[in-house]
Amino acid sequence: MRATFALALAALTVAARPAAAQCPGPAAERATLVVAGAGEVSRPPDTARISISIQTRGPTLDGTSRDHRQRVARAAPVLERLRAAGAAVDDGSFSLTEERAPVAVGTRPAADPPTYRADTIYGLTLRPVDRVDAVVADIAAAGLFEIGSIRFSVADERAALDDARRAAMADALRQAKVYADAGELRLDGIDHIVDGQAASRGDGAFDLPVRMARTASVGIVAPRALAFSGNVTVTWHIAPR
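Residues numbered from 1 in each chain as written. Predicted model: local features only at pLDDT ≥ 70, side-chain atom pairs only at ≥ 80, totals over all residues. Heavy atoms only, no water.

J.: Would you explain the nonpolar core in this entry?
T.: Looking at soluble globular proteins, one finds that nonpolar side chains tend to be buried together. One finds Ile 50, Ile 52, Leu 124, Val 132 and Phe 145 to be the most contacted residues of the largest nonpolar core, which totals 25 residues. If you list the elements that add at least two residues to this core, you get β2 (47–58), α2 (61–84), β5 (115–126), α3 (132–141) and β6 (146–153). If you look at the next biggest cluster of nonpolar residues, it comprises nine residues, including Val 35, Val 232, Val 234 and Ile 238. (Core = buried A, V, L, I, M, F, W, Y, C linked by side-chain atoms within 4.5 Å. Buried < 20%, exposed > 50% of the residue type's maximum accessible area, 1.4 Å probe, protein only. Helix = DSSP H or I, 4+ residues; strand = E, 2+ residues; numbered from the N terminus.)

J.: Just to check I follow, could you spell out the pattern of salt bridges for this structure?
T.: Close approach of charged atoms lets side chains of opposite charge pair. This model, assessed by the stated rule, comprises 15 salt bridges. In this structure, Asp 188 engages Arg 30 in a salt bridge whose closest nitrogen and oxygen atoms are separated by 2.6 Å. In this pair, Asp 188 sits in strand β7 (residues 185–195) while Arg 30 sits in the loop between α1 (2–21) and β1 (32–43), placing the two residues 158 residues apart along the sequence. Across the salt bridge formed by Asp 181 and Arg 241, the nearest N and O atoms sit 2.9 Å from each other. With Asp 181 in helix α4 (residues 157–182) and Arg 241 in the segment after β10 (226–240), the pair connects residues that are 60 residues apart, well separated along the chain. Take Asp 181 and Arg 241: they sit in the same class, and that class is exposed. What emerges from the salt-bridge pattern is a single network uniting Arg 57, Glu 99, Arg 117 and Asp 119. (Salt bridge = Lys/Arg side-chain N within 4 Å of Asp/Glu carboxyl O.)

J.: Sorry, what's going on with α3 here?
T.: In an α-helix, one turn spans 3.6 residues; hence positions three or four apart end up facing the same way. For α3, the tally of buried residues reaches seven of ten residues, placing the bulk of the element in the interior. Phi turns positive one or two residues past the end of α3, at Gly 143, with a value near 70°.

J.: Is there a simple way to think about the side chain of Ser 229 in this case?
T.: Secondary-structure assignment places Ser 229 in strand β10. When residues no more than four places from it in sequence are discounted, the contact partners of Ser 229 are Gly 39, Glu 40, Ala 164, Gln 197, Ala 198, Ala 199 and Arg 201. (Contact = heavy atoms within 4.5 Å.)

J.: Got a minute to help me understand the packing of aromatic side chains in this structure?
T.: Given two aromatic rings, one states the distance between the centres and the angle between the planes to describe the pair. Under the criterion given, the structure shown has one aromatic pair. For the ring pair Tyr 122 and Phe 145, a centre distance of 6.5 Å and an interplane angle of 75° mean the geometry is edge-to-face. Taken together, the residues Tyr 122 in strand β5 and Phe 145 in the loop between α3 and β6 connect sequence positions 23 residues apart. When sorted by exposure, Tyr 122 lands in the same class as Phe 145, which is buried. (Phe/Tyr/Trp six-rings, centres within 6.5 Å; stacked < 30°, edge-to-face > 60°.)

J.: When you look at the side chain of His 237 in this model, what are you seeing that I'm missing?
T.: With respect to the element layout, His 237 can be found in strand β10. Residue classification places His 237 among the buried residues on the basis of a relative accessible area of 13%. At 3.1 Å, the side chain of His 237 forms a polar contact with the side chain of Asp 191. (Polar contact = N/O pair within 3.5 Å; in protein donor to acceptor, adjacent residues only side chain to side chain.)

J.: Sorry if this is basic, but what is going on with unusual backbone geometry here?
T.: Note: most peptide bonds trans; most residues except glycine with negative phi. Residue Pro 128 is reached from Arg 127 by a cis peptide bond, and omega for that bond is 0°. Relative to the helices and strands, Pro 128 is located in the loop between β5 and α3. You will see that Glu 184, though not glycine, has its phi angle at about 55°, which is positive. Take Glu 184: it is sitting in the loop between α4 and β7.

Given below as C-alpha cells:
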C-alpha cells in the first residue's frame, strides 16, 4: 500500500513539472524611442477687436455724471454709424470712481477735494481687418473717445491650433525616422503620446493711445500673419531591422 502511494505521488510530481515550466515569466521590456516634436503654422488675421472708451472727469459727483451722460448721447450716432458699416459694437460698460492724489508714506493726506471720473467702455469687432485704419480714424475724429488697443486674431483659432498640432506630430515622426535609420532600427508602433501646449505666438495686440485724428488714416496696418505653435512628445517601440 505504501509503495503504491509513493509511486502515485511520484507520477503526480513528474506530471506537474511540465505545467510549471509552461507558466509565462515577466514580459521582457521593449525598447523605446522618445522624441519631442514642434510645429508652427501661420494664418492671416481675419478679425480685429478694438477697445474704445468715453471718459469724463469733474469736481463733483453729480456734475461728472451729468456731463458724462451728455457725452455718451453725443457718441450714440457715431456708434450707430459704425454698426451700419458692419462693425459689431458691444453695449457700453459704465463705471464711476473717485480719484484722490496719492499720499506718500509718512505724510498726511492733502485737504484737496477729490475728483470724479466716469467711464463707458465699448468693444468693437471688425471683419475683415482691412477697414481697421479707416474705422479708427473715424472714431478718433469724433473727439469723444479714447482708443485703447486693437487685437488682431483668427476667428477659427481652434482649427489653426489643430494644424499646429499636426505639424508637431509630423515633426516628431520625421525625427523618429531619422534616429531609427541612423541606428539601423525600425519603428514598431507608438507606445504613448503626451500632448504639449498649443497656443498662438503673440496676441496681435497693439496699444493705441489715440484721442483725435484730423486725417483719414492713423497708420494702422494689420499683421500679415499670426503664428500658432504646437508641441508633442511621442514614444515609439523600436526593434532591430
